[in-house]
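Below, each chain spelled out in residue letters.
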Amino acid sequence: MTDTYKERLWTKDFIFTSAANLVLMLSMYLLLVTMATYAMDTYGASVSMGGFVSSIFIIGALFGRLYGGKQIARIGNRKMLLIGTVSVLVATALYFLPLGIYLLMVLRLLHGAAIGLATTATSTIVSQLIPTSRSGEGIGYFSLSVVMATAIGPLIGVMLLTQYGFNSIFLFSFIMAILCLVLSVSLRPPEMEAEAERKGFRVTDYFEARALPISIAMFVLAIGYSGILSYVTEYAAEIDLVEAGSFFFLIYGIFVLLSRPFTGRLMDQRGANIVVYPALVSFAAGMLMLSQAGAGWVFLAAAIFMGLGYGNFQSIAQALAIKLTPHHRMGLANSTYFIALDLGLGLGPLMLGYIVPLSGYRGMYLSLVVVILVGIVVYHFMHGRKDREITRVGGAD
């Protein structure tokens, strides 16, 4: 790695990689919130089938991350990004065709795999570019691309669907894919050192053991946040707070955006615990407020607490996964982290769907407070107890 990358954070490649990740995630979330409606309206799919059309994307992304994490050092991070981006471009173009429900499922699966490859590459490239001493700060800035996409993507999707129909959504996603390809072609990042090829199956070829503890904590806490992604709009409608519900993710994103630079820098200087424990308490407090919300200001205050809480933990957890891992296995560390995150976000709604009929949305969100408290315990035993020692040593060599 050159001295330029060691001394500076805001390089051209860092900015372009973050921008490429933003447009990829923007297209992903825009389609996630509209694809079930598309399947039901266009092909007459049932509600459960429409949900599967939307969620099968996550399964494809998991396969893409598993393959990408194992092969990125051998293929090269820039080449994998280009392969993933071109595949995303082709996939988004195919949405314009009348495929039928089953071919649409196949397309969603392949599109997810392409996104998995591309985002594994962007995360790994950024990990190579960020100076070790500024890892928390750098990952904090980079992961804002995901936060912004989470906040803005659904808003754009609903607006386009309401005003112009489904083809406008596909056109927007296609333009985003072209923009991502333009950004990717201009990148010249440092490459990773590849490990010697080994024969036979090994779990360590697909997962990074050093990143597993913090990834397990991420999995538990992502289950908690999945209840927000999947059900907060319906909950807002049920308690007659539709207007507040429409601003939830925007408020969430703003407060993550405002806090990330400070929390990332604090982690680099004093370790993760000083940020993580207050953040997770804030996440639990926000979830508790949401479960009891009867007024719009309480609903939006919950978004603020969750932005300061889960929004910051998500970036800190990714920074830790990278910090604990040798440079030549950063691709695996990133894929391990994102697999845990995707599994939590994907499995959470399925499990919570059984709770809602029994206790209602309020009861579900109250149960998620318990999930977050369990997540705090998991974090403490998986990472928190040894964080001070890791901070002193300075991570993996």
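Since the structure is predicted, the reported quantities are computational estimates derived from the model, not experimental observations.

So, the overall build of the protein chain
And then number 1: When you go through the protein chain residue by residue, the secondary structure sums to 15 helices and 0 strands.
And then number 2: Relative to a compact globule of 397 residues, whose C-alpha radius of gyration would be 21 Å, the protein chain shows 20 Å and is just as compact.
And then number 3: Taking the principal axes of the C-alpha coordinates as reference, the protein chain spans close to 55 × 45 × 40 Å.
And then number 4: The proportion of buried residues among the 397 residues of the protein chain is 57%.
And then number 5: When contacts within the protein chain are restricted to residue pairs at least 6 apart in sequence, those whose partners lie at least 24 apart make up 86%.

Side note on the packing of helix α9 (residues 212-238) against helix α11 (residues 248-270)
And then number 1: In the contact formed by α9 and α11, the axes pass within 11 Å of each other and the chain directions differ by 145 degrees. Contacts from Tyr-225, Ile-228, Leu-229 and Val-232 in α9 reach Phe-248, Phe-249 and Tyr-252 in α11.
And then number 2: Residue classes in the contact of α9 with α11 are distributed as 7 nonpolar, no polar and no charged.

Examining helix α8 (residues 166-185)
And then number 1: Helix length check: α8 (20 residues) gives 29 Å between terminal C-alpha atoms against 28 Å at 1.5 Å per residue, within 8%.
And then number 2: Of the surrounding elements, those touching the buried residues of α8 are α2 (12-32), α3 (35-43), α5 (77-94) and α7 (135-163).

A closer look at the environment of Gln-128
And then number 1: Tracing the backbone shows Gln-128 in helix α6 (residues 101-129).
And then number 2: Each C-alpha atom of the pair Gln-128 and Gly-311 lies 23 Å from the other, and the pair is 183 residues apart in sequence.

Some words on unusual backbone geometry
And then number 1: Even without being glycine, Asp-240 reaches a positive phi, approximately 60 degrees.
And then number 2: As for its placement among the helices and strands, Asp-240 is situated in the loop between α9 and α10 (242-246).

Section: the environment of Ile-251
And then number 1: Within the secondary structure, Ile-251 is located in helix α11.
And then number 2: For Ile-251 and Met-306, which are 55 residues apart along the polypeptide, the C-alpha to C-alpha distance reads 9.8 Å.
And then number 3: Sequence-distant contacts of Ile-251, defined by excluding residues within four places in its chain, comprise Leu-300, Ala-303 and Ile-304.

Focus on the side chain of Gln-314
And then number 1: In this structure, Gln-314 sits in helix α13 (residues 296-323).
And then number 2: The residues touching Gln-314, leaving out its near neighbours within four places in the chain, are Val-146, Met-218, Arg-260, Tyr-337 and Leu-341.

What about the packing of aromatic side chains?
And then number 1: On inspection of all chains with the given rule, the structure shows 18 aromatic pairs.
And then number 2: Seen in terms of ring centroids, Tyr-95 and Phe-170 are 5.3 Å apart; in terms of plane orientation they differ by 15 degrees. Their pairing is stacked. One end of the pair, Tyr-95, is in the loop between α5 and α6; the other, Phe-170, is in helix α8, and 75 residues separate them in sequence.
And then number 3: Using a relative accessible area of 3% as the deciding quantity, one classes Tyr-95 as buried.
And then number 4: For Phe-170, a relative accessible area of 2% gives the class buried.

Side note on the side chain of Thr-85
And then number 1: Examined against the element boundaries, Thr-85 turns out to sit in helix α5.
And then number 2: The exposure class assigned to Thr-85 is buried, which follows from its relative accessible area of 1%.
And then number 3: Separated by 2.7 Å, the side chain of Thr-85 and the backbone oxygen of Leu-81 make a polar contact.
And then number 4: The contact partners of Thr-85, leaving out residues within four places of it in the chain, are Ala-118, Ala-177, Cys-180, Leu-181 and Ser-184.

Focus: the confidence of the model for the protein chain
And then number 1: When the pLDDT values of the protein chain are averaged, the result is 84; 91% of them are 70 or greater.
And then number 2: Averaged pLDDT values for the elements of the protein chain fall to 48 in helix α1 (residues 3-7) and rise to 95 in helix α12 (residues 273-291).
And then number 3: Confidence drops under a pLDDT of 50 for residues 1-6, and excluding neighbours within four residues, the segment shows 12 contacts in the predicted structure.

Notes on the packing of α3 against α6
And then number 1: The geometry of α3 relative to α6 is characterised by a closest axis approach of 11 Å and an angle of 160 degrees between their N-to-C directions. One way to sum up the angle between α3 and α6 is to call them roughly antiparallel. Between α3 and α6 the crossing geometry is right-handed. Contact residues: Met-35, Tyr-38, Ala-39 and Tyr-43 in α3; Ile-101, Leu-104 and Arg-108 in α6.
And then number 2: For the contact of α3 with α6, a count of residues per class yields 6 nonpolar, no polar and 1 charged.

Rules used in this analysis
Residues numbered from 1 in each chain as written. Predicted model: local features only at pLDDT ≥ 70, side-chain atom pairs only at ≥ 80, totals over all residues. Heavy atoms only, no water. Helix = DSSP H or I, 4+ residues; strand = E, 2+ residues; numbered from the N terminus. Rg over C-alpha atoms; globule rule 2.2 N^0.38 Å. Buried < 20%, exposed > 50% of the residue type's maximum accessible area, 1.4 Å probe, protein only. Contact = heavy atoms within 4.5 Å. Axes fitted to C-alpha atoms, helices over the stretch in contact; angles between N-to-C directions. Nonpolar A, V, L, I, M, F, W, Y, C, P; charged D, E, K, R; others polar. Expected span 1.5 Å × (residues − 1). Phe/Tyr/Trp six-rings, centres within 6.5 Å; stacked < 30°, edge-to-face > 60°. Polar contact = N/O pair within 3.5 Å; in protein donor to acceptor, adjacent residues only side chain to side chain. pLDDT = per-residue confidence, 0-100. Parallel < 35°, antiparallel > 145°, perpendicular 65-115°, else oblique. Left-handed = near helix turned anticlockwise from the far one by under 90°.

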